[in-house]
Amino acid sequence: MQPSSLPVRPWTGRFGRVAFRIFLAALIVYCLLWPMVMLLRGSLTGSPFASETHWTLSGFRQVLGDPQLLSNIWATILLSVGVTVGSLVGGTYFAVLATRFQTRFRSWITPMMVLVAATPGLFYAISWAMLANPSAGVVSKLLAAIGIGGLGQWFNAVSWPGMIITGSLKVSGFAYLFLVGPISAADRGQEDAAVISGASRLNAFFTITLPSLAPAYFAIGMLLIVAGIQSFDMPAILGLPIGIKTLSLRVHDYLVGYATPNWQAANAVAVLTMVFVASIVAVQIWLLHGKDHTTVSGKSPPVTPLASKGWGWLIDLSILAFAFVALVAPVAQFVIGSFQPFFGLYGRWTLDNYIWILNDRVGVGALQSTLIIAFVGASVTVMAGFFMAYAISRAPASFLGVLSRIGSWIPATAPGIVLSVALLFTYIKTPLIRDLFGTHWLMMFALMVGAIPIAVRAAEGMIAQISRELEEAAYISGSYPIPTVVGIVARLCAPSLVGAWLLISLWMAGTLDIPLLLQSTNSQTVATYAFSLVSQGEYSIAAAMLVSFLLLLAFATLILFGIFQIARRLFDRPRTAASTKSSLARENMHGN
């Protein structure tokens, strides 16, 4: 079998295989590549709802002449760079603790960071907007209760420092997950040699080990900067009330901030943002192209974590403090705030917020739509991502493999609001699909497109670890390609796929920018509905809405897990019975 080609077998004939691959390629082009072409077309024509097409550059002229454009660019850069630096510092600190030191709470670090990373950004931003509010937040109330209420003015999440600190706490989870691998794999031989020569362990780490990880830090930093440019939830909740507008918010402002949507200007900003992001990615590729950074060393012994000695209590305290600030406090604020009659009025517990949601037709519809999107959309996305990752891994040089690789990265380079505009132009211009506008099915489809990079990255690494020999043995035994890929490769990738499904379902539920332009009054998601409540000042009802969804999601997940376990036992029973009969037959033969 050629390593550069997919294993094939005449399961439907040559024509069927070619037709199937053409269908997959067309699907990838339409879902992932064509929207960007339509976005560029929209920047030159205007509204997707216009019956006549007029080509013009007026949108670009208006945007480039807008005096606010420069402040929008600087706000985007400041937010993305500030959050990236803060998250890299936090991620490095906890990655070093998890890989280099013996601490009492060392085993807590990875689960804690996974939970922080998995928390939807919208939930996190709303929670901190309630928690660190100088006039009505819990922190200011507690400080006022002990007689130092003046300090409460310093704890303000709705500010530049608050937005950067809150974003750094959230993104530290991702930075840790990216950094823990390179830091744990770094050779410590040169660092140990420097310590033996008289240098301190801290000095050796910063002067020897850390510089050797510069390529990894550069790549991760660029990735986080791109993610910061794409951010919409944090600046929409924490920045917009005080007039901070990033490029993503500027696109939204052109569409909903005026009596008539300015489609040409919005599309022009979207295209410029795409070019901005693509330029950063191109710089990263150019700087790292052809460069190989390795640490020369022999076979190293296993690394023994260092004892924390007399200052171990300080490390333990820092882990507990981060867990409290990044996880416990925001969750507690959500739960407590959902049982209060009004935001900022604490002391009287009530279920009125939950009763209000259950009696609201739009709120109940948002819960139902989001559950469907989270389960059905995440499941289809994981399957699609798996097959794309399989094509990338098993046939990297084929047309389908190259197309899958390019298509899996395109949505990752577009901010959510930009991707939403591009998909809107694509869907409105497509017969039949345009009839789904304003339904949760179209929002699910758009969210699936946005989540494809997560699904592909989750499956790609796992598929690379699975030997081709297993598939070749199945083909020799007479199996067909699809049953082999699903029955062997997909089953071995199940742990990674389940983790990707959970992450994607939470991401779909908490993503605000993609469904914002595709919703209608009768079809909303939990994120868009909660955002509308926050915009009206109804923080307590928004908190109750988000808590209700998380409880429903957990309950539905447990039910599906139980059904899966029952089905698995029923499926395994015939094979167990067959193996038992075979064992008894062999024993009888030996006995005779």
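The rules behind the values
Residues numbered from 1 in each chain as written. Predicted model: local features only at pLDDT ≥ 70, side-chain atom pairs only at ≥ 80, totals over all residues. Heavy atoms only, no water. Helix = DSSP H or I, 4+ residues; strand = E, 2+ residues; numbered from the N terminus. Contact = heavy atoms within 4.5 Å. Phe/Tyr/Trp six-rings, centres within 6.5 Å; stacked < 30°, edge-to-face > 60°. Buried < 20%, exposed > 50% of the residue type's maximum accessible area, 1.4 Å probe, protein only. Lys NZ or Arg CZ within 6 Å of the ring centre and 35° of its normal. Axes fitted to C-alpha atoms, helices over the stretch in contact; angles between N-to-C directions. Parallel < 35°, antiparallel > 145°, perpendicular 65-115°, else oblique. Left-handed = near helix turned anticlockwise from the far one by under 90°. Salt bridge = Lys/Arg side-chain N within 4 Å of Asp/Glu carboxyl O. 1 Å grid on protein atoms, 1.4 Å probe; cavity = no way out; pocket = protein on both sides within 12 Å on 5 of 7 lines; lining within 4 Å. Points joined across faces, edges and corners; volume = space filled by probe spheres on them. Nonpolar A, V, L, I, M, F, W, Y, C, P; charged D, E, K, R; others polar. Patch = residues over 30% accessible without salt bridge, like charges linked within 9 Å, V, L, I, M, F, W, Y side chains within 5 Å. Areas by Shrake-Rupley, 256 points an atom, 1.4 Å probe, with all protein chains shown as cover. pLDDT = per-residue confidence, 0-100. Core = buried A, V, L, I, M, F, W, Y, C linked by side-chain atoms within 4.5 Å.

Novice: Looking at this model, I keep getting lost on the overall build of the chain. Mind explaining?
Specialist: For the chain, the count of helices and strands is 25 helices and two strands. Pairs at least 24 residues apart make up 77% of the contacts formed inside the chain by residues separated by at least 6 positions.

Novice: Explain the packing of aromatic side chains to me, please; I cannot follow it from the model alone.
Specialist: What characterises a pair of aromatic rings is the spacing of the ring centres plus the angle enclosed by the ring planes. Scanning all chains against the criterion turns up 10 aromatic pairs. Geometrically, the ring pair formed by Tyr 93 and Phe 94 is edge-to-face, given 5.1 Å between the ring centres and 80 degrees between the ring planes. On the basis of relative accessibility, which here comes to 4%, the residue Phe 94 falls in the buried class. With a centroid separation of 4.7 Å and an interplanar angle of 50 degrees, the aromatic rings of Phe 105 and Trp 108 are classed as tilted. Overall, Trp 108 belongs to the partly exposed group, its relative accessible area being 45%. Ring pairs connect the aromatic residues Tyr 93, Phe 94 and Phe 322, which therefore count as one cluster. Between Arg 250 and the ring centre of Tyr 254, over which it is positioned, the NZ or CZ distance is 4.5 Å.

Novice: Looking at this model, I keep getting lost on the packing of helix H7 (residues 160–185) against helix H10 (residues 214–230). Mind explaining?
Specialist: The interhelical angle for the contact between H7 and H10, taken along N-to-C directions, is 160 degrees, at an axis separation of 11 Å. One way to sum up the angle between H7 and H10 is to call them roughly antiparallel. Between H7 and H10 lies a crossing whose hand is right-handed. Contact residues: H7 offers Val 171, Ala 175, Phe 178, Leu 179, Pro 182 and Ile 183, while H10 offers Ala 216, Tyr 217, Ile 220, Leu 223 and Leu 224.

Novice: Sorry if this is basic, but what is going on with the pattern of salt bridges here?
Specialist: Between side chains of opposite charge, a pair can form as their charged atoms come close. Following the criterion strictly, the structure yields four salt bridges and no others. For Arg 104, the salt bridge goes to Asp 316, with nearest N and O atoms at 2.7 Å. In this pair, Arg 104 is assigned in the loop between strand E1 (101–102) and helix H4 (109–118) and Asp 316 in helix H14 (residues 312–338), connecting sequence segments 212 residues apart. Residue classification places Asp 316 among the buried positions, given a relative accessible area of 7%. The partner of Arg 250 in a salt bridge is Asp 253, with the nearest N and O atoms 2.9 Å apart. Of this pair, Arg 250 and Asp 253 both sit in helix H12 (residues 247–256), three residues apart, roughly one helical turn. Pair check on accessibility: Arg 250 and Asp 253 agree, each one buried. Taken together, the salt bridges that share partners define one network made up of Asp 66, Lys 245, Arg 250 and Asp 253.

Novice: Quick question: what am I supposed to make of empty space enclosed by the protein here?
Specialist: Empty pockets left among the atoms are what a rolling probe the size of a water molecule brings to light. Under the definition given, this model contains one cavity of 30 Å³ or more. Roughly 50 Å³ of internal volume is contained in the largest cavity. Here the residues of the lining of the largest cavity sort into three nonpolar, four polar and three charged.

Novice: Which parts of the structure should I look at to understand the environment of Ile 315?
Specialist: Summarising the element assignment, Ile 315 is placed in helix H14. Ile 315 sits 212 residues away from Thr 103 along the chain, and the two C-alpha atoms are 7.3 Å apart.

Novice: Can you walk me through a nonpolar patch on the surface in this structure?
Specialist: Judged by side-chain polarity, Phe 20, Phe 23, Leu 27, Ile 372, Val 376, Val 380, Met 383, Phe 387, Leu 436, Trp 441, Ile 482 and Val 486 come together as a nonpolar surface patch covering roughly 990 Å² of accessible area. The element that contributes the greatest number of residues to the nonpolar patch is helix H16 (residues 361–394), accounting for five residues. One can find Phe 20 in helix H1 (residues 13–45). Owing to a relative accessible area of 34%, Phe 20 belongs among the partly exposed residues under this scheme.

Novice: Please clarify how the confidence of the model for the chain should be interpreted in this entry.
Specialist: Close inspection of predicted coordinates is inappropriate for parts of the model with low pLDDT. Taken over all residues, the pLDDT of the chain has a mean of 79, while the share at 70 or more is 86%. Confidence drops under pLDDT 50 across residues 1–12; counting only partners more than four residues distant or on other chains, this segment forms 34 contacts. Low confidence marks residues 292–302, where pLDDT is under 50. Its contacts with residues over four positions away, or in another chain, come to seven contacts.

Novice: I'm lost on helix H24 (residues 526–535) in this one. Help?
Specialist: It helps to recall that an α-helix has 3.6 residues per turn; residues three or four apart then point in one direction. Across the 10 residues of H24, eight count as buried, placing the element largely inside the fold. Listing the buried residues of H24 in full gives Val 526, Ala 527, Thr 528, Tyr 529, Ala 530, Phe 531, Leu 533 and Val 534. Of the residues trailing H24, Gly 537 is marked for its positive phi of about 85 degrees.

Novice: Could you clarify how one ought to interpret unusual backbone geometry in this entry?
Specialist: Among all residues save glycine, negative phi is the norm, and among peptide bonds the norm is trans. Of note, the phi angle at Leu 432 is positive, near 70 degrees, even though the residue is not glycine. Structurally, Leu 432 is set in the loop between helix H18 (416–428) and helix H19 (440–464).

Novice: In this structure, what is going on with the nonpolar core? I would like to understand it.
Specialist: Generally speaking, a soluble globular protein has its nonpolar side chains buried in company with each other. Ranked by size, the top nonpolar core spans 154 residues in total, and within it Phe 94, Ile 126, Ile 237, Leu 238 and Phe 386 carry the most contacts. It is H16 that contributes the most residues to this core, 14 residues altogether. Every residue in contact with Phe 94, bar those within four places of it in the chain, is listed here: Ile 109, Met 112, Met 113, Tyr 176, Ser 318, Ile 319 and Phe 322. One finds Met 222, Ile 225, Ile 229 and Val 277 within the second-largest nonpolar core, a separate group that totals six residues.

Novice: Even after reading the chapter, I still don't get the side chain of Gln 524, so can you show me in this structure?
Specialist: Inspection of the secondary structure assignment puts Gln 524 in the loop between helix H23 (513–516) and H24. Given a relative accessible area of 12%, Gln 524 falls into the buried group. Here Gln 524 is in contact with Val 362, Gly 365, Ala 366, Ser 369, Met 443, Gln 519, Tyr 529 and Ser 532, once residues within four sequence places are set aside.

Novice: Mind showing me how you'd approach the environment of Ile 417 here?
Specialist: Here Ile 417 lies in helix H18. The exposure class of Ile 417 is buried, given its relative accessible area of 0%. Residues Ile 417 and Ser 231 lie 186 residues apart in sequence; the distance between their C-alpha atoms is 9.2 Å.

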